[in-house]
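Each chain is listed here by its residues.
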Amino acid sequence: MLNIFYGNMPEAIYNTAVYFKNVYEDEWITAPLAKQMILDVDKSTVLGGAVIDSPVMGKIPPVSLSGGVKTLILMANEPGKIFNASTCGDNCAKWILKLAEKNDLTINLRHLMDFGDGKFDIRILNTNQVVHSMEELVPIAGLYV
């Protein structure tokens, strides 16, 4: 299940770009799930653990990926940690939900992320309420962001 804490959360890793730069491993980038996320979110193709082909920037290293993709890759590879998902755009929301289907996932948000029109199960840790749609999520999240 996806667990979200809205607002300031001291134990969350806030600067995901710096954290990613210092901990990622090449095999994280070449994993099938990471390749899918990179292609979907950044429209880029993984050529190897250290090289990604971006249609905008050409050949880039993993540290030059978008903040959203880097945060998704961290969530996939370090599920015991809590990351600031406000580095992610709404285009990452479906991936966050997908990651939370496999393992419980806790994230920190400091903005209202759009999880789409579908049904989902998200526990809002601020109130310990489980919501199943954006219609249910927005009024609660709005109290904290």
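All residue numbers here refer to positions counted from 1 along the written sequence of the relevant chain. The predicted nature of this model means local features are confined to residues of pLDDT at least 70 and side-chain atom pairs, given and counted, to a pLDDT of 80 or more, with totals for whole chains, interfaces and linings taken over all residues. Only hydrogens and water are set aside; all other atoms, that is, all heavy atoms of the structure, feed into the side-chain values.

A closer look at the sheet that holds strand β4 (residues 58–60)
Stated formally: At least two DSSP bridges between two strands are needed for those strands to be called paired. Secondary structure elements are defined from DSSP: runs of H or I of at least 4 residues count as helices, runs of E of at least 2 residues count as strands, and each element is numbered from the N terminus. Simply put, an axis is a line fit to the C-alpha atoms, just over the touching stretch for a helix, and the angle between two N-to-C directions goes from 0 to 180 degrees.
Strand order in the open sheet formed by 3 strands is β2-β3-β4, with antiparallel pairing between adjacent strands. Every interior strand has two partners, whereas the edge strands, β2 (45–48) and β4, have only one. Each strand of the sheet is rotated relative to its neighbour by a mean of 30°, with strand direction disregarded.

Some thoughts on a nonpolar patch on the surface
Cut-off, in case you're wondering: Patches were defined on residues exceeding 30% relative accessible area and lacking a salt bridge, with like-charge contacts within 9 Å and nonpolar side-chain contacts (Val, Leu, Ile, Met, Phe, Trp, Tyr) within 5 Å. The accessible surface values rely on the Shrake-Rupley method and a 1.4 Å probe; as for residues, cover is taken only from the protein chains in view. Throughout this description, the term salt bridge denotes a Lys or Arg side-chain nitrogen within 4 Å of a carboxyl oxygen of Asp or Glu.
There is a patch of nonpolar side chains on the surface, built from L112, V138, L143, Y144 and V145 and spanning about 430 Å² of accessible area. With respect to the helices and strands, L143 occurs in the segment after α6 (134–141).

Notes on the nonpolar core
Where we set the bar: Definition used in this section: a nonpolar core is a set of buried Ala, Val, Leu, Ile, Met, Phe, Trp, Tyr and Cys residues joined via side-chain atoms within 4.5 Å. Buried, partly exposed and exposed residues are distinguished by accessible area as a fraction of the type maximum, computed with a 1.4 Å probe on protein chains only: under 20%, between the cut-offs, and over 50%, respectively. We call two residues contacting when some pair of their heavy atoms lies within 4.5 Å.
One finds L2, I73, M75, I96, F115 and L137 to be the most contacted residues of the largest nonpolar core, which totals 45 residues. Top element by residues in this core is helix α5 (residues 93–102). It accounts for 6 residues. Sequence-distant contacts of I73, that is, excluding residues within four places in its chain, are made with F20, W28, I29, A34, M37, I38 and L65.

Let's talk about the side chain of T16
Tracing the backbone shows T16 in helix α1 (residues 16–23). Ignoring anything within four residues of it in the chain, the contact list for T16 reads T71, L74, F83, N84 and T87.

Describing the packing of aromatic side chains
Centre distance and the angle of the planes are the two values used to describe a pair of aromatic rings. How we decide: Stacked, tilted and edge-to-face pairs are distinguished by plane angle, under 30 degrees for stacked and over 60 for edge-to-face with tilted covering the rest, among Phe, Tyr and Trp rings (Trp via its six-membered ring) whose centres lie within 6.5 Å.
For the structure on display, the rule yields 3 aromatic pairs. Look at F20 and Y24: their rings are 4.8 Å apart centre to centre, the planes differ by 5°, and that puts the pair in the stacked class. What makes F20 buried here is its relative accessible area of 0%.

Details of the packing of helix α3 (residues 32–42) against helix α4 (residues 67–77)
This is how it is decided: Angles below 35 degrees are treated as roughly parallel, those above 145 as roughly antiparallel, those between 65 and 115 as roughly perpendicular, and all remaining angles as oblique. Each crossing gets its handedness from the near helix: less than a right angle anticlockwise from the far helix is left-handed, clockwise is right-handed. All residues other than Ala, Val, Leu, Ile, Met, Phe, Trp, Tyr, Cys, Pro, Asp, Glu, Lys and Arg, Gly among them, are scored as polar; the first ten of these are nonpolar and the last four charged.
Where α3 meets α4, the closest approach of the two axes is 10 Å, and the angle between their N-to-C directions is 160°. Classified by the angle between their axes, α3 and α4 sit roughly antiparallel to one another. In this structure, α3 crosses over α4, and the sense of that crossing is right-handed. Listed contacts from α4 to L33, A34, M37, I38, V41 and D42 of α3 are V69, L72, I73 and A76. Looking at side-chain class alone, the contact of α3 with α4 contains 9 nonpolar, no polar and 1 charged residues.

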